[in-house]
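Here is what each chain is made of, one letter per residue.
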Amino acid sequence: MSFPATRLRRLRRTGALRGLVRETRLDASDLILPLFVTHGSDRREPISTLPGVERLSIEHAVAEAAQAAALGIPAVLLFGIPADKDAEGSGAWDDEGVVQLAIRAIKEQLPDLLVIPDLCLCEYTSHGHCGVLTGSHQAATVDNDATLPLLARTAVSHARAGADLIAPSDMMDGRVGAIRAALDDEGFEDLPILAYSAKFASVFYGPFREAADSTPASGDRRGYQMDPANGEEALREVLLDVEEGADLVMVKPALPYLDVVRRVKDATRMPVVAYNVGGEYAMVKAAAAAGALDERATVLEVLTSIRRAGADAVITYHAKDAARWLSEMD
Ligand SMILES: [Zn+2]
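Only a predicted model underlies this, so the values are computations on that prediction, with no experimental measurement involved.

1. Points about the pairing of strand S3 (residues 54–57)
And step 1. Both strand S1 (residues 31–38) and S3 contribute to a ladder of three bridges, which runs parallel. Bridge assignment links Val37 to a residue of S3, and that residue is Leu56.
And step 2. Where strand S2 (residues 44–46) and S3 come together, three bridges link them in antiparallel fashion. By the bridge assignment, Pro46 is partnered in S3 with Glu54.

2. Description of the side chain of Lys285
And step 1. As for its placement among the helices and strands, Lys285 is situated in helix H9 (residues 278–289).
And step 2. By relative accessible area, which is 16% here, Lys285 ends up buried.
And step 3. If we skip the residues at most four places from it in the chain, Lys285 touches Pro51, Glu295 and Asp321.

3. What to know about unusual backbone geometry
And step 1. Cis peptide bonds are those with omega within 30 degrees of zero, and the linkage from Phe3 to Pro4 qualifies with 10 degrees.
And step 2. Mapped onto the fold, Pro4 is located in the segment before helix H1 (15–20).
And step 3. A positive phi angle, close to 50 degrees, is found at Asp42, a residue other than glycine.
And step 4. Position of Asp42 among the secondary structure elements: in the loop between S1 and S2.
And step 5. Note on Asp42: relative accessible area 59%, which makes it exposed.
And step 6. The residue Met171 is not glycine, and still its phi comes out positive at about 70 degrees.

4. Side note on the packing of helix H10 (residues 295–309) against helix H11 (residues 319–329)
And step 1. Axis separation between H10 and H11 bottoms out at 10 Å; the angle between their running directions is 100 degrees. One finds that H10 runs roughly perpendicular with respect to H11. On H11, the residues that touch Glu295, Arg296, Val299, Leu300 and Leu303 of H10 are Asp321, Ala322, Trp325, Leu326, Glu328 and Met329.
And step 2. Taken together, the residues of the contact of H10 with H11 break down into seven nonpolar, no polar and four charged.

5. Some words on helix H7 (residues 232–244)
And step 1. Along its 13 residues, H7 runs 19 Å from first to last C-alpha, staying within 8% of the 18 Å computed at 1.5 Å per residue.
And step 2. Regarding H7, the residues found buried are Ala234, Leu235, Glu237, Val238 and Asp241. The buried residues of H7 occupy an angular sector of 160 degrees when the element is viewed end-on, so they sit on one face. In H7, those exposed residues whose orientation departs by more than 90 degrees from the buried face are Glu232, Arg236 and Glu243.
And step 3. Among the structural elements, helix H5 (175–185), strand S9 (194–199), strand S10 (248–252) and helix H8 (258–268) are those in contact with the buried residues of H7.
And step 4. Where H7 ends, the next residue or the one after it, Gly245, has phi of about 115 degrees, a positive value.

Conventions and cut-offs
Residues numbered from 1 in each chain as written. Predicted model: local features only at pLDDT ≥ 70, side-chain atom pairs only at ≥ 80, totals over all residues. Heavy atoms only, no water. Pairing = 2+ DSSP bridges. Helix = DSSP H or I, 4+ residues; strand = E, 2+ residues; numbered from the N terminus. Buried < 20%, exposed > 50% of the residue type's maximum accessible area, 1.4 Å probe, protein only. Contact = heavy atoms within 4.5 Å. Axes fitted to C-alpha atoms, helices over the stretch in contact; angles between N-to-C directions. Parallel < 35°, antiparallel > 145°, perpendicular 65-115°, else oblique. Nonpolar A, V, L, I, M, F, W, Y, C, P; charged D, E, K, R; others polar. Expected span 1.5 Å × (residues − 1). Arc of directions from axis to C-beta.

What follows is the structure, given as structure tokens:
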């Protein structure tokens with residue numbers, strides 16, 4: 001039936017009616033807060049491209065994680081900034097490395113908070129790429145198969161430190177299978193893998209690279225991250241990761257790829273995580289600072305849209321603010 005019998009505005013008349021028929025809920029329990037953990041002690045370094053976000057030494061990261069937990073945020077995602085880097089990225093699997101120490105420190109204080117260390121080599125390699133390089137300087141490429149054992153080794157190191165999920169973000173082919181096998185061999189059959197399955201070679205990562213000090217010294221990551229134009233290929237990436245044993249899949253970035261989030265959800269019925277990345281955060285912050293947008297309303301609309309697209313959870317630098325605003329609305 002159509003107008004005048006059908007009037008969709010009837011259910012928009014009051015807040016109570018709108019609440020009754022609301023399809024998508026946003027809750028602090030859907031959010032994951034990323035933290036940049038740096039070596040050394042008593043360090044808090046602001047990141048100019050991500051206003052309000054800091055690189056934190058471990059004791060400050062623990063305090064930040066505690067604040068997140070108190071706001072009802074169930075998980076933190078850790079990025080390590082080591083003191084030293086080398087060509088292989090050996091700091092990634094150092095059992096006394098910055099991320100491993102941070103996992104232990106957070107789990108000791110906050111055993112119920114989920115701790116998810118990002119698993120990649122780019123924060124630990126001197127050249128800034130996500131795997132080991134092969135070939136001479138100008139023609140150097142990342143060696144996929146030589147990188148897999150290093151990722152597997154890092155995954156086991158994260159597991160031993162007490163990680164709740166293993167989260168590979170490198171985009172090497174076959175890494176989920178290699179990591180699953182290594183975890184199972186070491187007795188970590190019950191540890192889930194959150195795969196960065198459809199990670200696009202996006203300009204929106206710019207602010208993150210300053211934060212994690214992981215800009216490639218030469219070249220870019222288009223040889224392994226996905227072409228922003230490809231949605232079908234994103235589904236192939238996701239389905240391969242599922243076949244290899246991924247328990248949750250991720251789409252990154254979020255806002256320019258909401259169609260991919262929806263397609264991944266429809267194609268897999270898997271738990272889907274979307275990463276609302278640094279560039280997305282920086283745009284909102286800049287627009288709010290310029291007086292062009294209301295920050296609170298913008299953030300809540302953005303995060304709701306990512307959930308509506310099909311994401312079960314959202315990784316976002318807005319997590320603490322959003323959790324606070326949501327609790328004020330209850
Ligand atoms: Zn990487």
